[in-house]
Amino acid sequence: MAALTDEDRKALLKLARSAISSELIKGTEVVKPEVVSAAMEEKRGCFVTLHKEGMLRGCIGTIEPVHSLVHNVEQNALNSAFRDPRFPLLEADELAVVDIEVSVVTVPEILPYGDAEDLKLKLKPGIHGVILSKDWRSATFLPQVWEQLPQPEPFLSHLCMKAGLPADQWRKGGLTVLVYRVQYFEEE
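This report concerns the structure included in the present document. (Residues numbered from 1 in each chain as written. Predicted model: local features only at pLDDT ≥ 70, side-chain atom pairs only at ≥ 80, totals over all residues. Heavy atoms only, no water.)

Further remarks concern the environment of Ser-37. Position of Ser-37 relative to the elements: it lies in the loop between α1 (6-24) and α2 (38-41). Expressed as a C-alpha distance, the spacing of Ser-37 and Val-70, which sit 33 residues apart in the sequence, is 9.5 Å. (Helix = DSSP H or I, 4+ residues; strand = E, 2+ residues; numbered from the N terminus.)

Here we come to the packing of aromatic side chains. Here the distance between the centres and the angle between the planes together describe a pair of aromatic rings. Counted by the stated rule, this structure contains two aromatic pairs. Considering the side-chain rings of Phe-141 and Phe-155, the 5.3 Å spacing of their centres and the 70° angle between planes classify their relative orientation as edge-to-face. With Phe-141 in strand β6 (residues 137-141) and Phe-155 in helix α5 (residues 152-162), this residue pair connects regions lying 14 residues apart in the sequence. The residues Phe-141 and Phe-155 share a single accessibility class, namely buried. An angle of 0° between the planes, with centres 3.6 Å apart, marks the rings of Trp-146 and Phe-155 as stacked. Using a relative accessible area of 3% as the deciding quantity, one classes Trp-146 as buried. Members of the aromatic cluster, connected to one another through ring pairs, are Phe-141, Trp-146 and Phe-155. (Phe/Tyr/Trp six-rings, centres within 6.5 Å; stacked < 30°, edge-to-face > 60°. Buried < 20%, exposed > 50% of the residue type's maximum accessible area, 1.4 Å probe, protein only.)

A separate point is the sheet that holds strand β1 (residues 45-52). The strand order β2-β1-β3-β8 describes an open sheet built from four strands, whose pairing is antiparallel. Two strands close off the open sheet at either side, each with one partner strand: β2 (55-62) and β8 (182-186). Each neighbouring strand pair of the sheet contributes to a mean axis angle of 15°, computed without reference to strand direction. Two strands pair when backbone bridges link them, and β1 and strand β3 (residues 98-105) are joined in this way by eight bridges, in the antiparallel orientation. Residue pairing across strands places Leu-50 opposite Ile-100, the latter belonging to β3. Together, β1, β3 and β8 form the strand contacts of α1, whose direction differs from that of β3 by roughly 125°. In this fold helix α3 (residues 69-82) packs onto β1, β2 and β3, with an angle of close to 35° to the strand it touches most, β1. (Pairing = 2+ DSSP bridges. Axes fitted to C-alpha atoms, helices over the stretch in contact; angles between N-to-C directions. Contact = heavy atoms within 4.5 Å.)

All right, on to the side chain of Ser-80 then. Following the sequence through the fold, Ser-80 ends up in helix α3. Polar side-chain contacts of Ser-80 include one of 2.5 Å to the backbone oxygen of Val-48. Leaving out residues up to four positions away in the same chain, Ser-80 has contacts with Val-48, Leu-50, Arg-57, Gly-58, Cys-59 and Ile-60. (Polar contact = N/O pair within 3.5 Å; in protein donor to acceptor, adjacent residues only side chain to side chain.)

A separate point is the nonpolar core. In terms of nonpolar packing, the biggest core is built from 26 residues, with Leu-4, Leu-12, Ile-20, Leu-50, Val-73, Leu-90 and Ile-100 touching the most fellow members. Of all the secondary structure elements, the ones that give two or more residues to this core are α1, α2, β1, α3 and β3. Top element by residues in this core is α3. It accounts for seven residues. Each residue touching Ile-100, except ones within four places of it in the same chain, is listed here: Leu-13, Ala-16, Arg-17, Ile-20, Val-48, Thr-49, Leu-50, Phe-185, Glu-186 and Glu-187. Trp-146, Leu-149, Phe-155 and Trp-170 belong to the second-largest nonpolar core, a separate cluster that totals 21 residues. (Core = buried A, V, L, I, M, F, W, Y, C linked by side-chain atoms within 4.5 Å.)

With that settled, the discussion passes to the sheet that holds strand β5 (residues 129-134). Neighbouring strands of a sheet are bound in pairs by backbone hydrogen bonds; such pairs are parallel or else antiparallel. Across the sheet, four strands lie side by side as β4-β7-β5-β6; this open sheet has antiparallel pairing. Only two strands of the sheet have a single partner each, and these edge strands are β4 (109-110) and β6. One ladder, built from two bridges, connects β4 with strand β7 (residues 176-180); its direction is antiparallel. Bridging across to β7, Glu-109 finds its partner in Val-179. α5 contacts β5 and β6 of the sheet and is inclined by roughly 135° relative to β6.

Dropping the structure here:
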């Protein structure tokens, strides 16, 4: 996986903001990167997160590396602003107070574990993004969520609830757990 340069990061953040602006402000165009580096051309999963006054305002992403990073950033910026079912559509007057963060994800790997205690020991708070699933239910938390939920027990309980499972499902077992890492950057 090619490393993103500072120029790449700035160009991707500008792309995300301009994609959202183009939907909200008539006559605004999407600002595509002038130079698309090898790192931006790679097929990579990513999430685009919107924060308004420090609070989550939208977050949508793709984990699997199906499209180029530059494509995914543009699409996920639009999805975060206008298709996150947890929030109303972003409005033009919010644009000035919204901060944008991009998280580029590694390909998830299965985390083998024996029981609940073993799972807690194997998780790396602040490093691992976690996907848990059981049957058809699934949810993920980016590693940044560890900042609000720094202990494994509440982290896993909230993630189970996000997946529509009982909060203590992680203690009962029967879950598939995958972990990934992210490289994230945000507007200054």
